[in-house]
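Results of the structural survey
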Amino acid sequence: MTTTTTSHETMNVITAANKVEKHDHSQARPELGGLDVDTIVAVDGGIEVNAAGYKDQLRRQYGFWGIVGIALTVDNAWAALGSSISVSILNGGPPGLIYGLIVALFWYSFIGLSLAELASSVPTAGGVYHWATIAGGPRWGRMLGFFTGWINFYGWMFDLAALVQITANIVVQLYTTYHQDTYVPEPWHVYVAYVAILWLSVLFVIFANRLVPHTQTLGMFFVIVGGVITIIVIAAMPKKHASNHFVWGSFNENNLTGWQGGVAFLLGVLNGAFTIGTPDAITHIAEELPHPRRDLPKAIGMQISLGFLYAFVFAIALSYAITDISQLQGGINTYPLAGIYQQATQSAPATFGLLFILFLTSMCCCVGTVLTNSRAYWALARDNAVPFSGFFGRVNESLSCPIEATLFVALFATGLGAIPLGSSSAFLALTGSFIVLTTVSYAIPFTANMLTGRKYFPPGPFHLGKLGYVINLTAVLLIALFDIFFFFPYSLPTSVESMNYNSVILVGTIAVSVIWWFLHATHHYPGPRVMKLYIHDDSAPSQGTVFHEASREKDSPSNHDNTLT
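Residues numbered from 1 in each chain as written. Predicted model: local features only at pLDDT ≥ 70, side-chain atom pairs only at ≥ 80, totals over all residues. Heavy atoms only, no water.

A separate point is the packing of helix H6 (residues 187-207) against helix H12 (residues 348-382). Contact geometry of H6 with H12 gives a least axis separation of 9 Å together with a crossing angle of 65 degrees. The way H6 lies across H12 gives a crossing that is right-handed. In this structure, H6 contributes Ile197, Leu198, Leu200, Ser201, Val202, Phe204 and Val205 to the contact, and H12 contributes Met363, Cys366, Val367, Val370, Leu371 and Arg375. (Axes fitted to C-alpha atoms, helices over the stretch in contact; angles between N-to-C directions. Helix = DSSP H or I, 4+ residues; strand = E, 2+ residues; numbered from the N terminus. Left-handed = near helix turned anticlockwise from the far one by under 90°. Contact = heavy atoms within 4.5 Å.)

Right, here's the structure in full:
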């Protein structure tokens, strides 16, 4: 059965408590006939609706460890660091890689805390799109949310393309390991693998959605256990290790960018950001969790902390395994990790085995990222924010999947994957654009929330309290600082081919969104339903508001005394 949900209808709702009055415990216990206030925030004409203002259409099939599995698998931190090492290998070598990761952890800790607070308050598939809408208030919320949603979606599309590109490179390297003397790699070889991996992931998300939680649990196993095995192998097998100076103090001699040391280092932080920079991924799965307010903040924290820990240890082991860095400095669109494995093991079977572990983790990562992207686009379509919203906002409830939105994501990603065919710096453009676009989409709700006095979000189980302003402001300032540096050319002197196009992509995505705003949104986009739920009389819903029992009875509408219009 396929259903369509849009926000054209006028919704009269009764705001629910984030917690229920202590004297009426049955209201908070679904098994006794009360409402599940963890997933239901309002009643519309007798229909229970979630934090996004809609009746649930997707199965809430992910428990806590299921969502942690998605968080760790989509992040895939140690594999992402190794697979994107070409981003920073020219920016100071191993010291740039390791210290840049530490700086990225500092930066993303503030982002993660800010996102966790919002997810705990309003857990919806729209994520930052809905949060920017709420934070902007009645005057600016509709517009801010619209642009935030599109910028975030574009960012995740670039991430999907980068991750599938990584997985395709691994497939090619698996073949190359046993055919080094005869195989001549061509860019189109990677693209063929890219298309096959992408569409296999898409078909799995559509037709095997019930199995996706298991793939993400399996992916978590590969990330954790595979990471341990890989670290042990590359630490123990090399007959000769790099010197301590090379690993910790060789930044200047390995800075081949042409930039001064400080600028080169900050540019190299992009690798660390790409490694742990997926904190909002699981927020788009909020409407498939039975306890999103409680579980999302914990999962975001585990993703950043465990992702960093594994990536940090892996980066150190990897750096000591490098014996000839010149073989790895072939350009920013190469895949030097296979060369490091070869140097470390001096064995084709061992190299193949390590790459195969990477392939398994990366395949699970691709499935999880397709899931994230499809839900993000569906959330926009459901609110009539995309072209042909009635078509892309549909959900096949028997498969528990927005099929049309998922197919659109697949077609879009197929086109993005062709970019590396014509540019040697395309992979860096994909990773850089993902970080810039997503962090800009984080900065908008953080900034708006501060400017409106942090008053529109009812406190959830995880709340920053008095530290909220400091943490939000620090996150925004760091986003501004690093995004400006990520606009700089990758190296000097630069050329048209090696130019950094992150700024062009950011402006381009905003320009496309502006055009769609004036062509469609100004007259036909009413804004998401969260505006009616959380922005009322210029104040947020009270945390003490209680569901009236009569709101559950279709024949007793007269008790709707907290109706939002």
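A few words on the packing of aromatic side chains. Following the criterion strictly, the structure yields 37 aromatic pairs and no others. Clustering of aromatic rings is evident, with ring pairs tying together Trp150, Phe153, Tyr154, Tyr377, Phe391, Phe392, Phe408 and Phe412. The ring centre of Phe64 lies 6.0 Å from the NZ or CZ of Lys298, which sits over that ring. We note Arg454 situated over the ring of Tyr469; from NZ or CZ to the ring centre the distance is 5.8 Å. (Phe/Tyr/Trp six-rings, centres within 6.5 Å; stacked < 30°, edge-to-face > 60°. Lys NZ or Arg CZ within 6 Å of the ring centre and 35° of its normal.)

Let us now look at the side chain of Ser400. When you line up the elements, Ser400 lands in the loop between strand E5 (394-396) and helix H14 (403-416). Its relative accessible area of 0% is what places Ser400 among the buried residues. A polar side-chain atom of Ser400 sits 3.0 Å from the main-chain amide nitrogen of Arg59. Other than its neighbours up to four places away in sequence, Ser400 contacts Leu58, Arg59, Asn209 and Arg375. (Buried < 20%, exposed > 50% of the residue type's maximum accessible area, 1.4 Å probe, protein only. Polar contact = N/O pair within 3.5 Å; in protein donor to acceptor, adjacent residues only side chain to side chain.)

So, on to the environment of Gly63. In this structure, Gly63 sits in the loop between strand E4 (47-49) and helix H1 (64-75). Sequence separation of Gly63 and Leu289 is 226 residues, and the distance between their C-alpha atoms is 6.4 Å.

Moving on, we come to the state of the cysteines. Counted under the stated rule, the structure contains zero disulfides. Here Cys364 stays free of any disulfide, with the sulfur of Cys365 as its closest cysteine sulfur at 8.8 Å. Overall, the relative accessible area of 9% leaves Cys364 in the buried class. Free of any disulfide, Cys365 has its nearest neighbouring cysteine sulfur in Cys366, separated by 5.7 Å. (Disulfide = S-S within 2.5 Å.)

In this section: unusual backbone geometry. Going from Leu492 to Pro493, the amide bond is cis rather than trans, its omega being -10 degrees. In this fold, Pro493 is placed in the loop between helix H16 (468-485) and helix H17 (502-524). Even without being a glycine, Asn384 presents a positive backbone phi close to 65 degrees. Considering the arrangement of structural elements, one finds Asn384 in the loop between H12 and helix H13 (389-392). Asn384 gets classed as buried once you look at its relative accessible area, which sits at 7%. In this structure, Phe388 takes a positive phi of about 55 degrees despite not being glycine. By the secondary structure assignment, Phe388 is in the loop between H12 and H13.

Among the eight residues of helix H4 (residues 128-135), eight are classified as buried, and the element is accordingly described as predominantly covered. Burial in H4 covers these residues: Val128, Tyr129, His130, Trp131, Ala132, Thr133, Ile134 and Ala135. A positive phi of about 75 degrees marks Gly137, the residue just after H4.

The full count for this structure, using the stated rule, is six salt bridges. Notably, a salt bridge pairs Asp56 with Arg60, separated by 2.7 Å at the nearest N-O pair. Measuring nitrogen to oxygen at the nearest pair gives 2.9 Å for the salt bridge that ties Arg382 to Glu287. Separated by 95 residues along the polypeptide, Arg382 in helix H12 and Glu287 in the loop between helix H9 (261-276) and helix H10 (292-321) bring together distant segments of the chain. Taking relative accessible area as the criterion, Arg382 reaches 1% and is therefore assigned buried. Glu287 gets classed as buried once you look at its relative accessible area, which sits at 5%. (Salt bridge = Lys/Arg side-chain N within 4 Å of Asp/Glu carboxyl O.)

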